[in-house]
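# Observations on chain architecture
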Amino acid sequence: MIIAIDGPAASGKGTLARRLADHFGLRHLDTGLTYRAVAASLLANGLPLGDEAVAIEVARHLDLAQMDKTVLAAHEIGEAASRVAVLGGLREELVNLQRRFAQTPPGAVLDGRDIGTVVCPDASVKLFVTASPEARARRRTEELLSKGQEANYASVLADLMRRDERDSQRTVAPMKQADDAVLLDTTEMDIETAFQAAVEIVSRARDA
Ligand code: CDP
Ligand code: CDP
């Protein structure tokens, strides 16, 4: 079984993906971390984010087990990730890595922007998770503050909206709900409610 979860920044897709993986006994890959890891490496080495050849080289040497979620969560890394994510050749390299992960037994939950449309178009179940920009900015601000990072609601909201715009307008693999994805709007849901709704959607698809 492969479960594809897409949606904009801080919609709750990562949390849902992790919990669904636990629940159904699948592996989990947050594909955003692969873009963040490449961006972080370019930033750390003072390299331009538009240098595709170097970005591809970094991607070839990525070790999924070594990606540190806490370090990569930094706000500026998310922004840089969305800037390298427009590079078609880099995406090809990362998509290959993501597909290999997805196709390894017993199956997996992947979350990102193009899982249902590009990475795993034949996924058993596809979810597109959204929430209002205000709800997402509130969640992301609280999350960053709880990790001891600086965050201010107004600038988090502006950054999320700019990143969503870039992610949905780019020419290669833009963020988009797949035709056969189920929409889950979590604006008025806490994590537990959203998780129960997602389990129901996946169970129904599995039994169909
Ligand atoms: O992966 P994505 O960026 O879409 O979001 P996430 O990291 O799963 O969630 C961002 C933050 O919002 C986390 O701190 C979640 O606990 C929180 N959240 C929430 O409060 N209510 C929801 N329905 C979904 C997420
Ligand atoms: O956690 P959050 O939703 O804020 O971001 P993320 O999922 O870690 O993704 C960071 C950036 O990587 C996104 O803004 C996208 O530009 C890019 N990304 C992508 O292009 N395709 C994916 N499958 C996952 C992430």
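Overview of the structure. (Residues numbered from 1 in each chain as written. Chains lettered and ligands numbered in written order. Predicted model: local features only at pLDDT ≥ 70, side-chain atom pairs only at ≥ 80, totals over all residues. Heavy atoms only, no water.)

### Remarks on the layout of surface pockets
Estimated volume of the largest pocket: approximately 860 Å³. When contributions to the lining of the largest pocket are tallied by element, the ones reaching two or more residues are helix H1 (13–24), helix H2 (32–44), helix H4 (69–72), helix H5 (75–84), strand E3 (108–112), helix H8 (133–146), helix H9 (153–169) and helix H10 (191–207). The dominant element in the lining of the largest pocket, judged by the number of residues it contributes, is H1, at five residues. Classifying every residue of the lining of the largest pocket by side-chain character gives 15 nonpolar, eleven polar and 17 charged. (1 Å grid on protein atoms, 1.4 Å probe; cavity = no way out; pocket = protein on both sides within 12 Å on 5 of 7 lines; lining within 4 Å. Points joined across faces, edges and corners; volume = space filled by probe spheres on them. Helix = DSSP H or I, 4+ residues; strand = E, 2+ residues; numbered from the N terminus. Nonpolar A, V, L, I, M, F, W, Y, C, P; charged D, E, K, R; others polar.)

### Digging into the site of ligand 2
Near ligand 2, the surroundings consist of 18 residues, among which Lys13, Arg36, Arg91, Arg140 and Asp167 are the closest. With respect to ligand 2, the side chain of Arg170 contributes an N or O atom lying 3.0 Å from an oxygen atom. In the complex, the protein chains occlude 96% of the 530 Å² of accessible area that ligand 2 would expose alone. Counting atoms within 2 Å of the grid points, the majority share of ligand 2 lands in the largest pocket. (Near = heavy atom within 4 Å. Polar contact = N/O pair within 3.5 Å; in protein donor to acceptor, adjacent residues only side chain to side chain. Areas by Shrake-Rupley, 256 points an atom, 1.4 Å probe, with all protein chains shown as cover. Sits in = over half its atoms within 2 Å of the grid points.)

### Thoughts on the environment of Glu134
Tracing the sequence through the fold places Glu134 in helix H8. Residue Glu134 is classed as partly exposed on the basis of its relative accessible area of 39%. Considering only alpha carbons, one finds Glu134 and Leu157, 23 residues apart in sequence, at a separation of 6.8 Å. Not counting residues within four places of it along the chain, the set of residues in contact with Glu134 comprises Tyr153 and Leu157. (Buried < 20%, exposed > 50% of the residue type's maximum accessible area, 1.4 Å probe, protein only. Contact = heavy atoms within 4.5 Å.)

### Structural notes on the nonpolar core
Membership of the largest hydrophobic core comes to 37 residues, with the highest contact counts inside it found for Val38, Leu90, Leu94, Leu110 and Cys120. Contributing elements (two or more residues each) for this core: strand E1 (2–6), H2, helix H3 (52–60), H5, helix H6 (88–102), E3 and helix H7 (115–119). The dominant element in this core, judged by the number of residues it contributes, is H2, at seven residues. Among residues more than four places away in sequence, those in contact with Leu94 are Thr34, Tyr35, Val38, Ala59 and Leu62. Leu16, Phe24, Val109 and Val125 belong to the second largest nonpolar core, which has 19 residues in total. (Core = buried A, V, L, I, M, F, W, Y, C linked by side-chain atoms within 4.5 Å.)

### Side note on the packing of aromatic side chains
For the coordinates displayed, the defined rule picks out zero aromatic pairs. A cation sits over an aromatic face here: Arg19 above Phe195, 4.0 Å from the ring centre. Sitting over the ring of Phe101, Arg27 keeps its end group 4.0 Å from the ring centre. (Phe/Tyr/Trp six-rings, centres within 6.5 Å; stacked < 30°, edge-to-face > 60°. Lys NZ or Arg CZ within 6 Å of the ring centre and 35° of its normal.)

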